[in-house]
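Residue strings, one per chain:
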Amino acid sequence: METIFKQAIKSVALAIGIDRDELKSFFRKGETVVYGAGDWVYHESTPRLWAGIVLEGEVEILRGLHGPRQRVVVLDPGALIAEGALLDELPHATSALTRQGAKLWQISRERLELLRVQQPEVFYRIVARVARRIAERLRAGDPGPAEDLPRVGGVRREHDSLGERELPDTVYYGVQTARALENFQISGVPLRNFGHFIDGLALVKKAAAMANHELGVLAADRMKAIGAACDEILAGKLHAHFVVDMFQGGAGTSTNMNANEVIANKALEILGHPKGSYDVVHPNNHVNCSQSTNDAYPTALRVALLLIIPELMEAMRGLSAAFREKAGEFKDVIKMGRTQLQDAVPMTLGQEFGAFATTIAEDIDRLETVKTLFHEVNLGATAIGTGINAPPGYAPVAVAHLRRITGMPLQTSTDLIEATWDTGAYVQLSGLLRRLAVKLSKICNDLRLLSSGPRAGFNEIDLPRMQPGSSIMPGKVNPVIPEVVNQIAFQVIGLDLTVTLASEAGQLQLNVMEPVIAFDLFQMLEMLQRGCRVLEEKCVRGITANRERCREMVMNSIGIVTALNPVIGYEASASIAKEALESGRPVYEIALERGLIDQAKLERIFSLENLMNPKFFRK
């Protein structure tokens, strides 16, 4: 208990900027109070009877006990609780609840009053600091990971080459991440939004730790703790602490250090040390051992892409299969094919949907091919590809460990100098995603046209009715799913240009623009995946054919005259088409009237079977 009390006093002292020994002497007059799971620590509208410090567990602060309840904050070990008792005797404005149990150090108002009389200088100095801390918290809110509920605990001090910084002890990231948070408030999209990238970083750090231990440059206990921290990240924990903006200068250094610091502090916790005890596990010396951002970041990016590309491929398979099923369902629905938006020749609706299925399936195969480009990684290149600061043989050993723990056929690049600056694989993937986006957009254009109307348009198919389409026109229903996929496609096409320009912007031994390349590729892959799924589930599978409408347009079309070309010739066919267009009479009737073909052959040519599966007829 003495050790826990000292650590709590240290955290509070740092948080409010007061001398630790003074604070320790002040709170020595208190006592330990244990609360069980579900216990109320205090209630709003009741007097403040004590001030305290959270020693173990956590306490939730709630507002609105007598009305709609709102959770306000979670207090972790090292946080002051009910500190308003130092300022006045007013009732609590909130309530406090411990759901899993907690241990608090509490000092009563009676003892506080006694200290005020006996040690007025110390008392008022502490009160002033507490009051200032409360004011700062009310004005700006407590810093920490952006989660559903903010957390308040103690603070710790960390330093880097630029100086010392104060950090909330609730966060696992460190001083370099804190600087990046200040410097790069750009997109508002943090690293934690991209779980595959976080997993890629954790896998690289774990493999590097194993290789460093095997080569004798990292102790076993550190290696195991780093590996265990990485495993927690891979289990979906700690993602809230990956907070740097995806847009950043430094070629991804802030992302790499965010990972290094989170892993180091979690490893310290696993080893039983407080966060920030970097003499035991250091973000640079141990977690980043034998690495540079310039090989760790791109390797993690490639691993992440290999994790997410199959998810897009699976979504594409589902969409292609849905089109293929509709092709079978519509195989006997005759309709008019069109070129330049004009009547061309008959086809089936099944053939049209079958072509949609085929074009999506083609790019599944191409994605499978482009994946192989990311099997080659530059882990072990360190700064520029020379392997500086890595032990002999590190690169193949590290990649072997990464290959084993990922199950991916990864291999070391044959030329690490080239691999450290080359971004050609990203350009190729981006171009393929643009190609897919263009195809999807074309298909969605077709679906919108085919379903247009319903009375004054093509009206060959009906799309599922998803939502009312107008705030002013009753009964209007819009093709909202194809529309949103069109917009996804436009965004992907624009992002592809960004990837191209960022890749071209590389200079000498490094391309510093990889953060925007990563950001855009992840966006493209995720949006296309969601677009394919929503198009399949909320549109394609619910499409129905207007069979009679399709047949009627075929039989009234001028385009069916094309089937007469081999029998009566192009000029005679053109003449029939012209008369049909001017008179409005059917092609069949005019051809029969002119005696250019006997009725039996004409009926065979214009039969539904022949129009759907045309045979060649001679004169």
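Our structure is the block above this text.
The rules we used
- Residues numbered from 1 in each chain as written.
- Predicted model: local features only at pLDDT ≥ 70, side-chain atom pairs only at ≥ 80, totals over all residues.
- Heavy atoms only, no water.
- Pairing = 2+ DSSP bridges.
- Helix = DSSP H or I, 4+ residues; strand = E, 2+ residues; numbered from the N terminus.
- Contact = heavy atoms within 4.5 Å.
- Axes fitted to C-alpha atoms, helices over the stretch in contact; angles between N-to-C directions.
- Core = buried A, V, L, I, M, F, W, Y, C linked by side-chain atoms within 4.5 Å.
- Buried < 20%, exposed > 50% of the residue type's maximum accessible area, 1.4 Å probe, protein only.
- Disulfide = S-S within 2.5 Å.
- Salt bridge = Lys/Arg side-chain N within 4 Å of Asp/Glu carboxyl O.

**Student:** Looking at this structure, I do not really get the sheet that holds strand β8 (residues 102-108). What am I missing?
**Tutor:** Where strands meet in a sheet, backbone hydrogen bonds hold them as pairs that are either parallel or antiparallel. Pairing is antiparallel across the open sheet formed by four strands, whose spatial order is β1-β8-β3-β6. Whereas interior strands pair on both sides, the edge strands pair on one side only; in this sheet they are β1 (31-35) and β6 (80-81). Inspection of the sheet shows β1 paired to β8 by five bridges, in the antiparallel sense. Paired with Thr32 across the two strands is Trp105, which belongs to β8. Contacts between helix α3 (residues 109-118) and the sheet are confined to β3 (50-57) and β8, with β8 contributing the most and set at about 50° to the helix.

**Student:** I'm lost on the nonpolar core in this one. Help?
**Tutor:** The tendency in soluble globular proteins is for nonpolar side chains to be buried as a group. Core analysis: the largest hydrophobic core is formed by 120 residues, its most contacted members being Phe197, Leu305, Phe353, Leu367, Leu429, Leu433 and Leu535. Counting residues per element, this core draws most heavily on helix α10 (residues 293-329), which supplies 18 residues. Here Phe353 is in contact with Phe323, Lys326, Ala327, Phe330, Leu447, Ile461 and Ile543, once residues within four sequence places are set aside. Counting 29 residues, the second-largest nonpolar core is a separate cluster that includes Ile18, Phe27, Ala85 and Val155.

**Student:** Hey, could you run me through the side chain of Ser254 in this one?
**Tutor:** One can find Ser254 in helix α8 (residues 253-270). Every residue in contact with Ser254, bar those within four places of it in the chain, is listed here: Ala180, Phe184, Val244 and Gln248.

**Student:** Just to check I follow, could you spell out the state of the cysteines for this structure?
**Tutor:** Think of a disulfide as a covalent bridge from one cysteine sulfur atom to another cysteine sulfur atom. Under the defined criterion, the tally for this structure stands at zero disulfides. With no disulfide of its own, Cys444 lies closest to Cys539 among cysteine sulfurs, the gap being 7.1 Å. Looking at Cys444, the relative accessible area reads 0%, which means it is buried.

**Student:** Any chance you could explain the pattern of salt bridges here in plain terms?
**Tutor:** Once their charged atoms are close, side chains differing in charge can pair, the charge on each being opposite to the other. Counting across every chain of the model gives 28 salt bridges. The partner of Glu60 in a salt bridge is Arg99, and the shortest N-O contact between them spans 2.7 Å. Taken as a pair, Glu60 in strand β4 (residues 59-63) and Arg99 in the loop between β7 (95-98) and β8 lie far apart in primary sequence, 39 residues in all. A relative accessible area of 5% places Glu60 in the buried class. Look at Arg99 and you get partly exposed, because its relative accessible area is 41%.

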